[in-house]
Amino acid sequence: MSYLTITELQKHYDSYHALRGINLSITEGEFVVFVGPSGCGKSTLLRTIAGLESSSEGSINLDNRDITELASSKRDLAMVFQSYALYPHMTVADNLSFALRLAKVPDSEIAEKVRSVSASLQLDPLLDRKPKELSGGQRQRVAIGRAIVRQPKVFLFDEPLSNLDAALRVQMRLELARLHKKLGTTMIYVTHDQVEAMTLADRVVILNAGQIEQVGTPLELYRQPNSRFVAEFIGTPKMNLLEVFDITRQDSQLSLDIGVGHINFPNNRINGPVPSSVKLGIRPEHMHLVEEGGDFSGKIELVEHLGSEAYTHIQLDNQQTIIVKAPARSNIQDGQLVQIKIDLDEVILFNDSDRVISKLAEDATND
Amino acid sequence: MKRTITRLLMAPSVILLLIWMIVPLSMTIYFSTIRFNLLYPGQNNFVGWMNFEFFITDPGFMPAVLNTLILLISVLIITVVLGVALSALIDKPFFGQGIVRVLLISPFFIMPTVNALIWKNMMMNPVYGVFAWISQSLGLEPIDWLSDFPLMSVIIMVSWQWLPFAILVFVTALQSQDTEQKEAAQMDGATGWHIFRYLTIPHLSRPIAVVVMIETIFLLAVFAEIFVSTGGGPGYDSTNLAYLIYNQALLQYDVGVASAGGLFAVILANIVAFFLIRAVGKNLTV
């Protein structure tokens, strides 16, 4: 059952069409992450849900209540801002209790709620401090605490970790995941960092140019993107795209001429009719450097050692460059000639308009 | 060793500043202890505290001290309260915001003498002033501002002159206010008034302290407005300390008493500064 439903949401700025018909339904308790490149409308969408921006068209429903025109304070939402937006002239305790005091909650109840939140976020020793006396991570926890104390129906996070250093970001990510498990409240989280999206989300919403590109679990998006945009957006380094110059039909498979070799792709993994021209997508981690018997060959241009693995940039015979993930100590040298073997099951095909036309290998066998 | 060199290198500027400050001060102190009247040249004998006695027992002294303080406090209150209110009002974008801002700030560019003349001749004149015209068109008796409410008239002129300064400082300060904080407060259920009360006012506390400090320095020495408009009168009703000192030195040619008055003004400024710093100065630390 849908808890938060967004229908045909449009947002126009003066000359800019920021949201172009967003439809989305979120179930209660779900952790949904909006992700996309900058300017894709993810923050605008979150702010429209929060009521900080008004929508031009469409409706937002929360828990069977139309909140489209409601003031943000009446929507039963709490938001954690990128800059934390703590009130600088108030102590941590006052920051936590501000909303409750405005709502004229009795003092004893406020004290009780603040105490339980501060205990759960380990804020007790900080309650009398002002925000400027706190570290980044502590401010972050206060901002989260300020949201929790109101017990909202939905938490909104606007790139909450982007101001933290790398180590703290990983730690806070974990704390957020724990928090969601503990509270079980619906959370909507905006980020441009796909690692945050993949690790935190129950479902990821990928936005592009004001439209939803795809919605799915992190694994679905990784394995079954429905467009070139999603395929390239998810995964680091990004998916390699190979030009297919010619398609030859054989009995149960297609022979794809990629200029430096041929790839045989099973017919039954193609959705619908075979188009006249396709592109072939393959992730760096689904190709392997082999001594012999590879699908095609190339020359190593550059190796990036990451310690746990190495990214090898390979120039193919037709001047195209691809990236292949190799084991860390594979003893490869720049300029070396290598053979590349691909995992056929992980190959994805795109048509001319960059939509995916292939199915997963395990789905194909059921045909 | 290193310390000595540092001090040596700093010495010229420190000494210059000291001379700059000490020579006029000691000359004032010296003049205040001798008979120094330009009408009786050559009779510059030592008189001790007599000049101070003359100044303090002058019938204009108590009114002048009171007028100085009333003028200072009234103008501070008017400029800070109206300044905060107007700045908050024009902070949100609206059509013609730029022009409104320029208009609000422009009185600051008008020199005090001209300011006083404008108010005296064009606004407050009982026969052809704007205020008189308004009173008359409402069927009321025109008010002769400068003779009936002399100090109030000066307060209005000086406030008009200094309000733009306050607005300039507050508008700039408001622009640095964090919008996410306001949005967070909005989501927390705060109304516009709550945001103003709990976020904007605390945010402005430091600019307010700055405005109060700077205005105090200038308002203790208001002179041109009084000189041009009321001439300190009627009686001593709009005479402040600066004007009284001028009166002693240049109308009665008594440099000795004027110097004593000048020293008294320094003491008064220090007393005011002491209380001001205690009241608002804590906002300036950190």
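These figures come from a predicted structure and were not determined experimentally. (Residues numbered from 1 in each chain as written. Chains lettered and ligands numbered in written order. Predicted model: local features only at pLDDT ≥ 70, side-chain atom pairs only at ≥ 80, totals over all residues.)

A few words now on the overall build of chain B. Assigned secondary structure in chain B consists of 13 helices and zero strands. When the helices and strands of chain B are placed in sequence order, the string is α-α-α-α-α-α-α-α-α-α-α-α-α. Here chain B has a C-alpha radius of gyration of 24 Å; the compact-globule value for 286 residues is 19 Å, and the former is much larger. Principal-axis analysis of the C-alpha atoms gives chain B an extent of 75 × 75 × 30 Å. (Helix = DSSP H or I, 4+ residues; strand = E, 2+ residues; numbered from the N terminus. Rg over C-alpha atoms; globule rule 2.2 N^0.38 Å.)

The helix and strand inventory of chain A stands at nine helices and 21 strands. The C-alpha extent of chain A, read off along each of the three principal axes, is 75 × 45 × 40 Å. Buried residues in chain A amount to 37% of all 367 residues. (Buried ≥ 20, exposed ≤ 12 C-beta atoms within 10 Å, placed from the backbone.)

This part covers the sheet that holds strand E5 (residues 65-66) of chain A. All names here are of chain A. In spatial order, the strands read E2-E1-E4-E5; together these four strands make up an open sheet with antiparallel pairing. Two strands close off the open sheet at either side, each with one partner strand: strand E2 (17-27) and E5. In this structure, strand E1 (residues 2-12) lies alongside strand E4 (residues 57-62), joined through five bridges in antiparallel fashion. The residue bridging Gln10 from the neighbouring strand is Glu57, located in E4. Across the face of the sheet, helix H1 (residues 42-50) comes into contact with E1, E2 and E4 while running at roughly 65° to E2. (Pairing = 2+ DSSP bridges. Contact = placed C-beta atoms within 7 Å. Axes fitted to C-alpha atoms, helices over the stretch in contact; angles between N-to-C directions.)

With that settled, the discussion passes to helix H8 (residues 150-175) of chain B. Compared with an ideal rise of 1.5 Å per residue, which puts 26 residues at 38 Å, H8 of chain B spans 38 Å between its outermost C-alpha atoms and is within 8% of the ideal. At Trp162 of chain B, H8 of chain B shows its largest bend, some 30°, and a proline, Pro164 of chain B, comes one to four positions later. (Expected span 1.5 Å × (residues − 1). Bend = angle between axes of the 7 residues up to and from the residue.)

A separate point is the sheet that holds strand E15 (residues 279-282) of chain A. Residue and element names in this part refer to chain A. The antiparallel open sheet is built from three strands, whose spatial order is E11-E15-E21. Of all the strands in the sheet, just strand E11 (240-243) and strand E21 (348-350) have a single pairing partner and so form its edges. Ignoring strand direction, the axes of neighbouring strands in this sheet form an average angle of 30°. The pairing of E11 with E15 spans four bridges and is classified as antiparallel. Paired with Leu242 across the strands is Leu280, a residue of E15.

Let's shift gears to the interface of chain B and chain A. Contact residues are listed per partner, giving 14 residues for chain B and 16 residues for chain A. Among the secondary structure elements, those contributing two or more residues to the side of chain B that touches chain A are helix H9 (179-187) and helix H10 (192-219) of chain B. A per-class count over the side of chain B that touches chain A returns six nonpolar, four polar and four charged. (Nonpolar A, V, L, I, M, F, W, Y, C, P; charged D, E, K, R; others polar.)

On to the domain arrangement of chain A. Many analyses report the size of an interface as the accessible area lost when the parts associate. Residues and elements named next belong to chain A. In terms of domain boundaries, chain A breaks down into domain 1 (2-233) and domain 2 (240-364). Once you take the C-alpha centre of each, domain 1 and domain 2 turn out to be 38 Å apart. Facing the seven residues of domain 1 at the interface are seven residues of domain 2. Residue composition of the side of domain 1 that touches domain 2, by class: two nonpolar, three polar and two charged. (Domains from an automatic or database assignment.)

Our focus in this paragraph is the environment of Gln175 of chain B. Along the chain, the position of Gln175 of chain B falls in helix H8. In this structure, the C-alpha to C-alpha distance between Gln175 of chain B and Asp91 of chain B, residues 84 residues apart in sequence, is 7.6 Å.

Moving on to the nonpolar core. Ranked by internal contacts, the top residues of the largest apolar core, which has 101 residues, are Val33, Phe34, Met79, Leu156, Ile188 and Val205 of chain A. A domain split of this core shows at least three residues from each of domain 1 (2-233) and domain 2 (240-364) of chain A. Filtering out sequence-adjacent residues up to four positions away, Met79 of chain A remains in contact with Ala50, Ala147, Leu156 and Asp158 of chain A together with Ala184 and Met187 of chain B. Counting residues in each nonpolar core, the second largest holds 47 residues, with Ala64, Val75, Leu76 and Ile226 of chain B among its members. (Core = buried A, V, L, I, M, F, W, Y, C linked by C-beta atoms within 7 Å.)

Bringing the confidence of the model for chain B into the picture now. Across chain B, the average pLDDT comes to 87, with 98% of residues at or above 70. Quick note on the complex model: pTM equals 0.79, ipTM equals 0.79. (pLDDT = per-residue confidence, 0-100.)

Let us look at the packing of helix H4 (residues 97-105) of chain B against H8 of chain B. All names here are of chain B. Viewed as axis vectors pointing N to C, H4 and H8 meet at an angle of 135°, and their least axial separation amounts to 8 Å. By the angle between their axes, H4 is oblique relative to H8. Of the residues in H8, those touching H4 at Arg101, Leu104 and Ile105 are Pro164, Ile167, Leu168 and Val171. Of the residues assigned to the contact of H4 with H8, the class counts are six nonpolar, no polar and one charged. (Parallel < 35°, antiparallel > 145°, perpendicular 65-115°, else oblique.)

Moving on, we come to the packing of H8 of chain B against H10 of chain B. All names here are of chain B. Relative orientation of the contacting elements H8 and H10 amounts to 150°, with a least axis distance of 10 Å. Relative to H10, the element H8 is oriented roughly antiparallel. H8 and H10 meet at a crossing whose hand is right-handed. Contact with H8, carried on its side by Val158, Trp162, Phe165, Ala166, Val169, Phe170 and Ala173, involves His203, Leu204, Pro207, Val210, Val211, Glu215 and Leu219 of H10 and no other residues of that element. Here the contact of H8 with H10 is built from residues that sort into 12 nonpolar, one polar and one charged. (Left-handed = near helix turned anticlockwise from the far one by under 90°.)

Here we take up unusual backbone geometry. All names here are of chain A. For the bond from Thr236 to Pro237, the omega torsion is -15°, close enough to zero to count as cis. Looking at the secondary structure, you find Pro237 in the loop between helix H8 (228-233) and E11. Even without a glycine there, the phi angle at Asp76 is positive, about 65°. Here Asp76 shows up in the loop between E5 and strand E6 (77-80). Of note in this structure, Ala209 is not a glycine but carries a positive phi near 50°. Turning to its location among the elements, Ala209 is positioned in the loop between strand E9 (203-208) and strand E10 (211-216).

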